[in-house]
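Single-letter residue listing:
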Amino acid sequence: MRTPYYQYDLGILEETLKAIRRNTAGHPDWHVHYAIKANANPLLLKLINEYGLGIDCVSGGEIQTALDNGFPASSIVFAGVGKADWEIDMALKAGILCFNVESEAEMDVIAERCSALGTTAHIALRVNPDVDAHTHANITTGKAENKFGIEIPMLMPIIRKARQNPCFRFEGLHFHIGSQILDMEPYRLLCRKVNELQDQLEEEGVKINSINVGGGLGIDYENPEDNPVPDFDGWFNIFRDGLRLRPGQQLHFEPGRAVVAQCGRLITKVLYVKQGTIKKFAIVDAGFTELIRPALYGAHHKIVNLTSNGPLMKYDVVGPICESSDIFGKDELLPEVHRGDLIALMSAGAYGETMSSCYNCRPLPPAVTL
Ligand code: LLP
């Protein structure tokens with residue numbers, strides 16, 4: 001098989017989906033929408049669909065992909081700060097479950113498009129709860145300085161406006177505080193904020209049908225073999241114990257990374273071993289075109305030499321792209337590396353394939369399943 005390529009272990013994906021099902025089975029009002037931005041490979045989507053998850057989308061392309069892969073429109077929620085008119089039209093025509101509206105200006109445009117198409121929309125307002133997720137700055141979304149959602153002090157007039165407009169059915173509130181969150185404290189804080197907000201809204205006579213707490217559950221990048229299934233038990237428990245839901249209220253979740261990250265790895269071949277004066281480089285045939293997370297977020301994916309059991313030596317593992325940031329790991333201890341060795345970049349099932357690019361006119365990587 002030509003390298004580099006993505007390899008997905010459907011067994012691990014299935015274990016993960018079972019963990020989700022185990023947690024949600026007794027809760028008919030809980031709905032899990034997989035954040036398709038993490039991985040839109042049809043081989044994975046098929047299994048995710050079989051386990052009854054819905055989809056969280058942030059673009060018209062993602063909505064189309066979800067529909068093409070058999071997800072019912074009634075399972076699709078649509079977020080994003082910059083929904084284009086054609087994307088709104090497409091979602092309205094498909095009849096998606098809910099728009100997660102991120103600004104008053106967007107709400108006005110959705111109303112306009114509803115009138116133009118003679119239809120109505122279910123909407124929730126995305127709230128910026130000003131909760132610090134203590135994660136990488138580029139993947140924090142719930143702070144006042146971030147572009148996402150509507151800040152709490154500005155919320156009430158927008159809710160009133162939504163409820164007055166006959167184009168809309170106002171469903172409730174949406175939150176998403178960030179990504180790769182391993183410390184559960186920010187989620188506890190989110191629950192407290194949601195509870196406070198609900199109490200306030202109730203005083204104002206506003207009925208909330210649904211609460212969406214977003215995604216963000218993190219995974220173990222350093223020890224993927226020990227922790228192939230993320231801590232869904234802990235995560236769902238926080239909301240079960242922390243939220244004061246009203247009878248009949250729906251609770252929605254949008255995990256992305258936690259569903260697919262550990263089932264995927266990027267397989268790459270060593271092209272050259274280059275000895276410098278102070279460094280030894282293992283130059284592989286994958287670069288940030290296939291996996292951009294290290295270059296973009298300083299993320300580290302565990303690196304495994306699949307074909308050597310020689311003595312451990314230190315290498316900088318680098319790609320072929322003509323940019324200094326094209327590095328997967330510095331001073332990695334690996335069994336002696338030779339030209340032709342196969343290397344696995346672990347935990348690459350989320351935000352790997354979907355974020356790959358054609359920079360340097362490189363082809364997009366293929367994918368296989370185990
Ligand atoms: N819901 C909304 C509204 C989102 O914006 C996101 C992710 C999710 C759900 C799913 O979050 P997750 O469960 O996957 O953390 N490319 C970055 C992550 C960007 C996440 C963007 N939003 C990375 O590779 O770390």
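Novice: Help me understand the pairing of strand E5 (residues 98–101) in this model?
Specialist: A regular strand places its side chains so that they alternate between the two faces of the sheet. The side-chain alternation of E5 yields two buried faces, one formed by Cys98 and Asn100 and the other by Phe99 and Val101. Both strand E4 (residues 76–78) and E5 contribute to a ladder of two bridges, which runs parallel. The residue bridging Val77 from the neighbouring strand is Cys98, located in E5. Following the backbone out of E4, through helix H4 (residues 85–94) and into the adjacent parallel E5, one traces a crossover that is right-handed. Strand direction decides the pairing type here: E5 and strand E6 (residues 121–128), joined by three bridges, are parallel. Opposite Val101, over in E6, you have Leu125 as the bridge partner.

Novice: Can you walk me through the site of the ligand in this structure?
Specialist: Residues in contact with the ligand amount to 18 residues; listed here are only the nearest, Ser179, Glu254, Arg293, Tyr297 and Tyr351. Between the ligand and Ser179, the relevant distance is 2.3 Å, taken from an oxygen atom to a side-chain nitrogen or oxygen of the residue. Arg293 places a side-chain nitrogen or oxygen 2.6 Å from an oxygen atom of the ligand. Burial of the ligand by the surrounding chains reaches 92%, relative to a free accessible area of 580 Å².

Novice: Quick question: what am I supposed to make of the packing of helix H7 (residues 185–203) against helix H8 (residues 232–242) here?
Specialist: Helix packing for two helices is described by the angle between their axes and how far apart those axes are. Taken N-terminus to C-terminus, the directions of H7 and H8 make an angle of 30°; their axes are 10 Å apart at the nearest point. When the axes of H7 and H8 are compared, the pair comes out roughly parallel. Judged by the sense of rotation from one axis to the other, the crossing of H7 with H8 is right-handed. In this structure, H7 uses Tyr187, Arg188, Leu190, Cys191 and Asn195 to contact H8, whose residues at the interface are Trp235, Ile238, Phe239 and Gly242. When grouped by side-chain class, the residues that make up the contact of H7 with H8 number six nonpolar, two polar and one charged.

Novice: What is the right way to read the packing of aromatic side chains from this model?
Specialist: Two numbers describe a pair of aromatic rings. These are the distance of the centres and the angle of the planes. Using the criterion set out here, one finds 14 aromatic pairs in the structure. Relative to Phe239, the ring of Trp235 lies with its centre 5.6 Å away and its plane at 90°, an arrangement referred to as edge-to-face. A residue pair is termed a helical-turn pair when its members lie 3 or 4 positions apart in one helix, as Trp235 and Phe239 do in helix H8 at four residues. The exposure class assigned to Trp235 is buried, which follows from its relative accessible area of 0%. An aromatic cluster is present here, built from Trp30, Tyr187, Phe232, Trp235, Phe236, Phe239 and Phe253 joined pairwise through their rings. A cation sits over an aromatic face here: Lys83 above Phe78, 5.3 Å from the ring centre.

Novice: I'm lost on the layout of surface pockets in this one. Help?
Specialist: Any empty space left between atoms is shown by rolling a water-sized probe over those atoms. Here the second largest pocket defines a volume of roughly 220 Å³. Taken together, 18 residues form the lining of the second largest pocket, with Thr24, Trp30, His31, Val32 and Gly52 sitting closest to its centre. Of all elements in the fold, only helix H1 (10–24) and strand E2 (30–35) reach the threshold of two or more residues within the lining of the second largest pocket. For the lining of the second largest pocket, a count of residues per class yields nine nonpolar, eight polar and one charged.

Novice: What am I meant to see in the pattern of salt bridges here?
Specialist: Think of it this way: side chains of opposite charge can pair up when their charged atoms draw near. Enumeration according to the criterion identifies 20 salt bridges in this entry. With a shortest N-O distance of 2.9 Å, Arg126 and Glu102 are connected by a salt bridge. Linking Arg126 in strand E6 with Glu102 in the loop between E5 and helix H5 (104–117), this pair joins segments that are 24 residues apart in sequence. With relative accessibility at 6%, the residue Arg126 sits in the buried group. If you follow the salt bridges from partner to partner, you end up with Asp199, Glu202, Arg244 and Arg246 in one network.

Here is what the cut-offs are and how they apply
Residues numbered from 1 in each chain as written. Predicted model: local features only at pLDDT ≥ 70, side-chain atom pairs only at ≥ 80, totals over all residues. Heavy atoms only, no water. Buried < 20%, exposed > 50% of the residue type's maximum accessible area, 1.4 Å probe, protein only. Helix = DSSP H or I, 4+ residues; strand = E, 2+ residues; numbered from the N terminus. Pairing = 2+ DSSP bridges. Right-handed = clockwise from strand over helix to strand, strands pointing away. Near = heavy atom within 4 Å. Polar contact = N/O pair within 3.5 Å; in protein donor to acceptor, adjacent residues only side chain to side chain. Areas by Shrake-Rupley, 256 points an atom, 1.4 Å probe, with all protein chains shown as cover. Axes fitted to C-alpha atoms, helices over the stretch in contact; angles between N-to-C directions. Parallel < 35°, antiparallel > 145°, perpendicular 65-115°, else oblique. Left-handed = near helix turned anticlockwise from the far one by under 90°. Contact = heavy atoms within 4.5 Å. Nonpolar A, V, L, I, M, F, W, Y, C, P; charged D, E, K, R; others polar. Phe/Tyr/Trp six-rings, centres within 6.5 Å; stacked < 30°, edge-to-face > 60°. Lys NZ or Arg CZ within 6 Å of the ring centre and 35° of its normal. 1 Å grid on protein atoms, 1.4 Å probe; cavity = no way out; pocket = protein on both sides within 12 Å on 5 of 7 lines; lining within 4 Å. Points joined across faces, edges and corners; volume = space filled by probe spheres on them. Salt bridge = Lys/Arg side-chain N within 4 Å of Asp/Glu carboxyl O.

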